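Residues per chain are reported as follows:
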Amino acid sequence: MSLSPPIERVSIDLAERSYSIFVGNGMLGDARTFAQLPAGNAALIVTNITIASLYAAQLRSALAVHFKQVHIVVLPDGEEHKTWQTLNLIFDSLLEHACDRKTVLFALGGGVVGDMTGFAAASFMRGVPFVQVPTTLLAQVDSSVGGKTAINHPLGKNMIGAFYQPLLVVCDLRTMETLPQRELSAGLAEVIKYGPIADLAFFDWIEANIEALLARQPVALAYAVKRSCEIKAWVVGQDERESGLRAVLNFGHTFGHAIEAGLGYGKWLHGEAVACGMVMAAHLSQRLGLIDETFVRRLTDLIKAAGLPVTGPRLSRVNNATGTMGNADRYLALMRVDKKATAGEIKFVLIDRPGSASVQGAPDALVRQVIDSCCE
Ligand code: NAD
Ligand code: GLY
């Protein structure tokens, strides 16, 4: 029988935009969680059809202690809905309820809801406060922290958005109980990510505790969320707007975003694409002589043990003008629209040594070799 962990607090230090990340059990239905928020007349809970039936009533009653009106807008569920059209549903709701500049938005959901709510908060009346209440492991360890908000464009993922920090992040571990196993694994991809780029001891710990994490053992989950948030807070505290260091948090994402866009958003989960992308980026690091085969093997085995893919999908397609585009060409074309690319040169997060990463270019020929060897 495992013990329930106490509530932990991680701070993210960004001068006047600093905030706390709470990690614990049962907080989203507890009015005390929100006691420090600035007074406002209205709150708007933004959620989706799946999460609304699970957690919206609890959050609503906790917020009703602090806000005169608590409204709710329920979005469709899925990465394919991370669009202008769905974003507009949030603005429709804010305007229909005559919300003002003090209205606080609450993102209740995974990364899709969190990213869209953050972007809506950044732009409604040029900026209203918002709170992240992440309900997926991925959102608790990554997307709810650090202020990146966005929607997708058909030509590129997260291409339209803003840096906009929340007032508070509430990681209620109890929400993990209802998370589908595939989503739990997808979240583990972002937990694993922190090891190779920043903390080898954490990587060792994940290897030793992967079964406990997959079994949702509360103490193990609490440590994984807290340590991931600490690492992310440390990185974002030094480079909020990604002028340098923060880009290492995109380990696996250059290949991963190509997989997501190439297959069509929603086919592979974001965490699955990142997992496979990390394997590909590790192979590229090895081919560049930065790390040896042993660490590539360890990372691949851990990703596999977490229930995640380690082999890339084929992304070739027929183009009427130029004939069939080969798999490596398609990956390269998609990676050239990655936000890290400059003047068409693709940038990768590579492991310099286990526990440390940097952003670098790589010769196309080497990238092709990696794609050829890592795809089915
Ligand atoms: P998601 O938001 O689509 O949630 C995954 C699925 O789980 C959805 O169907 C959702 O309805 C369901 N769900 C959520 N919580 C649940 C719960 N407690 N119980 C049962 N079902 C639940 O996906 P995600 O993996 O959370 O987030 C992926 C998104 O996050 C991507 O769009 C990605 O680009 C973004 N992201 C952003 C950042 C950032 O820094 N802003 C970082 C990483 C990822
Ligand atoms: N998920 C990458 C970042 O927040 O920078």
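So, how was this worked out
Residues numbered from 1 in each chain as written. Chains lettered and ligands numbered in written order. Predicted model: local features only at pLDDT ≥ 70, side-chain atom pairs only at ≥ 80, totals over all residues. Heavy atoms only, no water. Helix = DSSP H or I, 4+ residues; strand = E, 2+ residues; numbered from the N terminus. Rg over C-alpha atoms; globule rule 2.2 N^0.38 Å. Buried < 20%, exposed > 50% of the residue type's maximum accessible area, 1.4 Å probe, protein only. Areas by Shrake-Rupley, 256 points an atom, 1.4 Å probe, with all protein chains shown as cover. Lys, Arg positive; Asp, Glu negative; His and termini not counted. Charge placed at Lys NZ, Arg CZ, Asp CG, Glu CD. Near = heavy atom within 4 Å. Nonpolar A, V, L, I, M, F, W, Y, C, P; charged D, E, K, R; others polar. Pairing = 2+ DSSP bridges. Axes fitted to C-alpha atoms, helices over the stretch in contact; angles between N-to-C directions. Contact = heavy atoms within 4.5 Å. Salt bridge = Lys/Arg side-chain N within 4 Å of Asp/Glu carboxyl O. Left-handed = near helix turned anticlockwise from the far one by under 90°. Polar contact = N/O pair within 3.5 Å; in protein donor to acceptor, adjacent residues only side chain to side chain.

**Structural notes on the overall build of the protein**
Piece 1. Counting its regular elements, the protein contains twelve helices and 13 strands.
Piece 2. Rg of the C-alpha trace for the protein: 20 Å, near the compact-globule value of 21 Å for 376 residues, within the 12% margin.
Piece 3. Once the C-alpha set of the protein is aligned to its principal axes, its extents read approximately 60 × 55 × 35 Å.
Piece 4. Residue burial in the protein is summarised as follows: out of 376 residues, 57% are buried.
Piece 5. Total accessible area on the protein is roughly 15100 Å²; 53% of this is exposed by carbon and sulfur atoms.
Piece 6. With 34 positive and 36 negative side-chain charges, the protein shows a spacing of 3 Å between the two charge centroids.

**What to know about the site of ligand 2**
Piece 1. Residues in contact with ligand 2, as listed here, are Asp142, Lys148, Lys232, Glu242, Arg246, Leu249 and Asn250.
Piece 2. Computed on the free molecule, ligand 2 has an accessible area of 200 Å², of which 90% lies beneath the protein chains in the complex.
Piece 3. Within the shell around ligand 2, the residues separate by chemical class into one nonpolar, one polar and five charged.

**Concerning the sheet that holds strand 3 (residues 42–48)**
Piece 1. With mixed pairing, the seven strands of this open sheet are ordered in space as 1-2-9-6-5-3-4. Each having just a single partner strand, strand 1 (8–12) and strand 4 (69–75) make up the two edges of the open sheet. Averaged over all adjacent pairs, the angle separating strand axes in this sheet is 15 degrees, with direction ignored.
Piece 2. Alignment of strand 2 (residues 19–24) against strand 9 (residues 168–172), held across five bridges, turns out to be parallel. The partner of Ser20 across the bridge, within strand 9, is Leu168.
Piece 3. Taken strand by strand, helix 2 (residues 84–96) contacts strand 3, strand 4 and strand 5 (104–109), and its axis lies near 160 degrees from that of strand 4.
Piece 4. Of the strands in this sheet, strand 3, strand 4, strand 5 and strand 6 (130–134) are in contact with helix 3 (residues 111–123), which crosses strand 5 at around 165 degrees.

**A word on the pattern of salt bridges**
Piece 1. This structure, assessed with the given rule, holds 20 salt bridges.
Piece 2. Its salt-bridge partner being Lys148, residue Glu242 comes within 2.5 Å of it at the nearest N-O pair. Taken together, the positions of Glu242 in the loop between helix 7 (218–238) and helix 8 (253–263) and Lys148 in strand 7 (residues 148–153) put the pair 94 residues apart, joining distant regions of the chain.
Piece 3. The exposure class of Glu242 is partly exposed, given its relative accessible area of 22%.
Piece 4. Here Arg182 and Glu272 are joined by a salt bridge, their closest N and O atoms 2.6 Å apart. Of this pair, Arg182 sits in helix 5 (residues 181–198) while Glu272 is found in helix 9 (residues 270–287), placing the two residues 90 residues apart along the sequence.
Piece 5. Judged by relative accessible area, which is 43%, Arg182 ranks as partly exposed.
Piece 6. A single network of salt bridges, built from pairs that share partners, joins Asp142, Glu190, Lys193 and Lys232.

**Some points on the packing of helix 6 (residues 200–214) against helix 7**
Piece 1. For the pair helix 6 and helix 7, interaxial distance at closest approach is 10 Å and the crossing angle is 145 degrees. As for the relative orientation of helix 6 and helix 7, their crossing is left-handed in sense. Mapping the contact onto sequence places Phe202, Trp205, Ala212 and Leu213 in helix 6 and Ala220, Leu221, Tyr223, Ala224, Arg227, Ser228 and Ile231 in helix 7.
Piece 2. In the contact of helix 6 with helix 7, the residues fall into nine nonpolar, one polar and one charged.

**Some thoughts on the environment of Leu200**
Piece 1. Looking at the element boundaries, Leu200 is found in helix 6.
Piece 2. Aside from chain neighbours lying at most four places away, what touches Leu200 is Gly195, Phe295, Pro354 and Gly355.

**Some remarks on the site of ligand 1**
Piece 1. The immediate surroundings of ligand 1 are formed by 28 residues, with Glu79, Lys82, Thr135, Thr136 and Thr178 found nearest.
Piece 2. One nitrogen or oxygen atom from the side chain of Thr135 is found 2.7 Å from a nitrogen atom belonging to ligand 1.
Piece 3. At 3.5 Å, a backbone N or O of Ser143 approaches a nitrogen atom of ligand 1.
Piece 4. Taking 870 Å² as the accessible area of ligand 1 by itself, protein coverage stands at 91%.
Piece 5. Broken down by secondary-structure element, the contributors of at least two residues to the shell around ligand 1 are helix 1 (49–64), helix 3, helix 4 (137–143), strand 8 (156–163) and helix 5.
Piece 6. A per-class count over the shell around ligand 1 returns seven nonpolar, eleven polar and ten charged.

**Notes on unusual backbone geometry**
Piece 1. Phi is positive for Ala15, close to 50 degrees, though the residue is something other than glycine.
Piece 2. When you line up the elements, Ala15 lands in the loop between strand 1 and strand 2.
Piece 3. Ala15 sits in the exposed class, given a relative accessible area of 57%.
Piece 4. For Arg126, which is not a glycine, the phi torsion comes out positive at approximately 65 degrees.
Piece 5. Within the secondary structure, Arg126 sits in the loop between helix 3 and strand 6.
Piece 6. Overall, Arg126 belongs to the exposed group, its relative accessible area being 77%.

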